[in-house]
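So the chains spell out like this:
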Amino acid sequence: MSPEVGWMWFVIGMSVVSLGMAALFTRQVLSAETGTAAMQQIAAAIKEGAEAFLRRQYKTIYLWSLLIAVLIFWFYFEVHGATLAWRTTISFVVGAICSGIAGFSGMFVSIRANLRAAAAARTDLNRALQLALRGGAVTGLSVVAMSLLGVGGIFLLFGGMDDPQTVPYQIVGFGFGASLVALFAQLGGGIYTKAADVGADLVGKVEAGIPEDDPRNPAVIADLVGDNVGDCAGRGADLFESTAAENIGAMILGVALLGQFGLLAIFFPLVARAFGLIASILGVWSARIRNEAEDPMMALNRGYLVTTLFAGAGFYISVHFLLGNNLWFFAAGLIGIATSYLFVWITQYYTEYRYRPVLMIAESSKTGPATNIITGFAVALECTGLPVLTISAAILGSYYCGQRGLPDVPGAGLYGTAVATMGMLSTAAYILAMDTFGPITDNAGGIIEMSGAPEEVRKRTDRLDSVGNTTKALTKGYAIGSAALAAFLLFSAYLDEVTVLLRKAGAPATYFFSSVDIGKVPVFIGALIGATLVFLFSALAIKAVGRTAQLVIEEVRRQFREHPDIMESRTKPDYGRCVDIVTAGALRAMALPGLLAVGVPVAVGFLFKYLPAGEGLTFGETVVNTMGAESVAAVLMVGTIGGILLATLMNNGGGAWDNAKKYIETGQFGGKRSEAHKAAVVGDTVGDPFKDTAGPSLHVLIKLLSTITLVMAPLFL
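An account of the accompanying structure is given in this report. (Residues numbered from 1 in each chain as written. Predicted model: local features only at pLDDT ≥ 70, side-chain atom pairs only at ≥ 80, totals over all residues. Heavy atoms only, no water.)

### Comments concerning empty space enclosed by the protein
Using the criterion set out here, one finds three cavities of 30 Å³ or more in the structure. The computed volume of the largest cavity comes to approximately 290 Å³. If you go around the largest cavity, you meet 25 residues; those closest to its centre are N469, K472, D658, K662 and K691. Sorting the residues of the lining of the largest cavity by element identifies α6 (172-208), α7 (220-254), α17 (455-504), α21 (627-665) and α22 (675-712) as the ones contributing at least two each. Residue contributions to the lining of the largest cavity peak at six residues, all from α21. When the residues that make up the lining of the largest cavity are grouped by side-chain class, the tally is one nonpolar, five polar and 19 charged. (1 Å grid on protein atoms, 1.4 Å probe; cavity = no way out; pocket = protein on both sides within 12 Å on 5 of 7 lines; lining within 4 Å. Points joined across faces, edges and corners; volume = space filled by probe spheres on them. Helix = DSSP H or I, 4+ residues; strand = E, 2+ residues; numbered from the N terminus. Nonpolar A, V, L, I, M, F, W, Y, C, P; charged D, E, K, R; others polar.)

Rendered as structure tokens:
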């Protein structure tokens, strides 16, 4: 067996083993105790609402995907013939299906783990933590393993072992399909969860003065459902498309190193990710609370440390055997791993109430909602600085390592940035487990509150919920950091693909499409459109939350007004009505921003391709108009830069507002129901659509721009 075949079997084998571990964790979670009848009834309502929304959402998503698949086939068939049309369409459809499965798997276990974690919290904090984390690990392991199987399987199916120079470009459709489904899943889930949350908080906490997750609040079930469809299903699809798109981008850049490492340069990202799966499994097994007094975050941090150490070791093994033991590339991988740690630390600084930014927001709440919002927005603007410096240093350092590793090879520096991205994403499965841990523990706290469990049990779930809020914020920071690091990788992959297409059109074999001249009018316009797209997309997402939240608020007020016995706990609220409102609102509102994200880069590419004023390149007697390709490159890069900055602002700003509210709820500045608390709740509701709707959706938008330009590149020339 050749080394190439052996390593491919290793990737497939570890993916299957990881899916087996996900099945084992699922069995462990489902076999746990399910608590009292009241707890089971509440959990059943959450499960029913989440599954109903997901069925309706994915039906809508796949109808759109089918239409786009037909358009892709038609465009490719007209320009490049049947073979490339079929391959691109098949990879698109497989990517879309796998992304949907990844999102469903994330929610399937979370809506069952919440009840088990709540039941365990009645007696054992460590048991509750482990059930929640292992429930989250099902998502993490499934997402990364399915990404490897999907990308690797299509590479083999299309004959990549025999034609490695061409096939990586033919599987970009897989990344586009995954990105498209992830965008709609994250956007729809985000609109759902925040419309319900804002409606529940403003009427429940501010107007009625009742606690969070109070069973008298008609919107509380919709809020708990939203945690699952937004943070579990949406984030699962999000990170699936992240791993898929970045694997494909790294494989494309690996084509330039075929002369040095052969097929192993293309396999390297898959092998490194497979070692990351092993590391994540070990990390999940090692996470446990040593005693009841220990901070649960310490247990999760130990698991993250174990994951990182083993991922680093696996990375060294990958470099040793696949990249000729070139330690410069190992150094590039370490830069990626260090970048992930720095992003986690930066996110903690801006979102935890132990540090200055959140304390400033909390203190400003003493003088009302206006000063809370002003201070919070200032913090959100400020928090873009350190991440940009970190990403800049990571790209520069990893590019330098790649150049030093292979000083005479064109493309080695870019491959160094790809290796750094693989390093940062080597712990992705464990990070996603921590992310899903958040909504599971949030739901567990809601189940305990609504079922009337004793106060000491609620204190346990509050501790886990507090940690879950932190892990969700950290994961958003990690996600935008990986997206930023991968942006340069995917942009470079786009330039590589255009280079290949131009060589086929007559350019010499030494030609490289390596620069985009923003001084050209069409290119400048493309850049301006790319930046504007980010803001319009965010506006549509946030407005959708506002409109749907208004309907929820009106419904909750109506029920309180028409049924005063609800506040006396003598009448049960109509939870289903609020669930129906946010379901319809989310499904209706997700279409326009999704179509805007898909349509704008394609429209720019075609518009400037056929403009009479377009400039071209001359190769012998052949003239190729490159304005379409260059203008789309400007949309991609400037849109990505704007998206990174705005997503960082929204994620960290929203997290800071949230934790400022929670800090006051610990008893500071008057505690719950004080004027400062009411002001902080208003600030938190402003930040909610930032951090859980528009911000996470921008992660997907950034990579959707990359994957759609990779797929459509042959049509822009």
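Next comes the rest of the account.
### Focus: the nonpolar core
Among the nonpolar cores identified, the biggest contains 247 residues, and I221, F268, Y415 and Y494 are the most heavily contacted of them. In terms of residues, this core owes the most to one element, α17, which gives 19 residues. The residues touching F268, leaving out its near neighbours within four places in the chain, are F315, S318, V319, L322, L323, Y415 and V419. (Core = buried A, V, L, I, M, F, W, Y, C linked by side-chain atoms within 4.5 Å. Buried < 20%, exposed > 50% of the residue type's maximum accessible area, 1.4 Å probe, protein only. Contact = heavy atoms within 4.5 Å.)

### Section: the pattern of salt bridges
Enumeration according to the criterion identifies 19 salt bridges in this entry. As a salt-bridge pair, E630 and K520 come within 3.1 Å of each other at their nearest N and O atoms. Of the two residues, E630 sits in helix α21 while K520 sits in the loop between α17 and α18 (521-562), which places them 110 residues apart along the sequence. (Salt bridge = Lys/Arg side-chain N within 4 Å of Asp/Glu carboxyl O.)

### A closer look at the environment of F174
Positionally, F174 belongs in helix α6. For F174, a relative accessible area of 0% translates into the label buried. When the C-alpha atoms of F174 and A245 are compared, they prove to be 7.9 Å apart, with 71 residues separating the residues in sequence. Sequence-distant contacts of F174, defined by excluding residues within four places in its chain, comprise S91, F92, V94, G95, C98, G150, V151, I154, F240, A244 and I248.

### As for the layout of surface pockets
Of the voids in this model, the largest pocket is the one considered here, and its volume is about 1,000 Å³. In terms of lining, the largest pocket is formed by 38 residues, of which the most central are Y353, D462, S466, K662 and T666. Top contributing element to the lining of the largest pocket by residue count: α17, with nine residues. Considered class by class, the residues forming the lining of the largest pocket number 11 nonpolar, 11 polar and 16 charged. If you add up the space inside the second largest pocket, you get close to 890 Å³. For the second largest pocket, the lining is made up of 39 residues, of which Y169, D496, T499, V500 and F512 are closest to its centre. Breaking the lining of the second largest pocket down by element, the ones donating at least two residues are α2 (37-80), α3 (82-121), α5 (167-170), α14 (385-405), α15 (412-424) and α17. Sorting elements by how many residues they give to the lining of the second largest pocket places α17 first, with 11 residues. When the residues that make up the lining of the second largest pocket are grouped by side-chain class, the tally is 24 nonpolar, 11 polar and four charged.

### Looking at the packing of aromatic side chains
In total, this model carries 25 aromatic pairs according to the counting rule given. Aromatic side chains Y304 and Y430 sit 6.3 Å apart centroid to centroid with 10 degrees between the ring planes, which places their arrangement in the stacked category. Remark: Y430 occurs in helix α16 (residues 428-450) and Y304 occurs in helix α10 (residues 296-322); sequence separation between them is 126 residues. The two residues Y304 and Y430 agree in class, both being buried. For the pair Y316 and F330, a centre-to-centre distance of 5.3 Å together with 80 degrees between the ring planes defines the contact as edge-to-face. Taken together, the residues Y316 in helix α10 and F330 in helix α11 (residues 327-351) connect sequence positions 14 residues apart. Aromatic rings pair up to connect W7, F10, F275 and F321 into one cluster. The residue whose ring lies beneath R112 is F108, and the NZ or CZ to ring-centre distance is 4.0 Å. (Phe/Tyr/Trp six-rings, centres within 6.5 Å; stacked < 30°, edge-to-face > 60°. Lys NZ or Arg CZ within 6 Å of the ring centre and 35° of its normal.)

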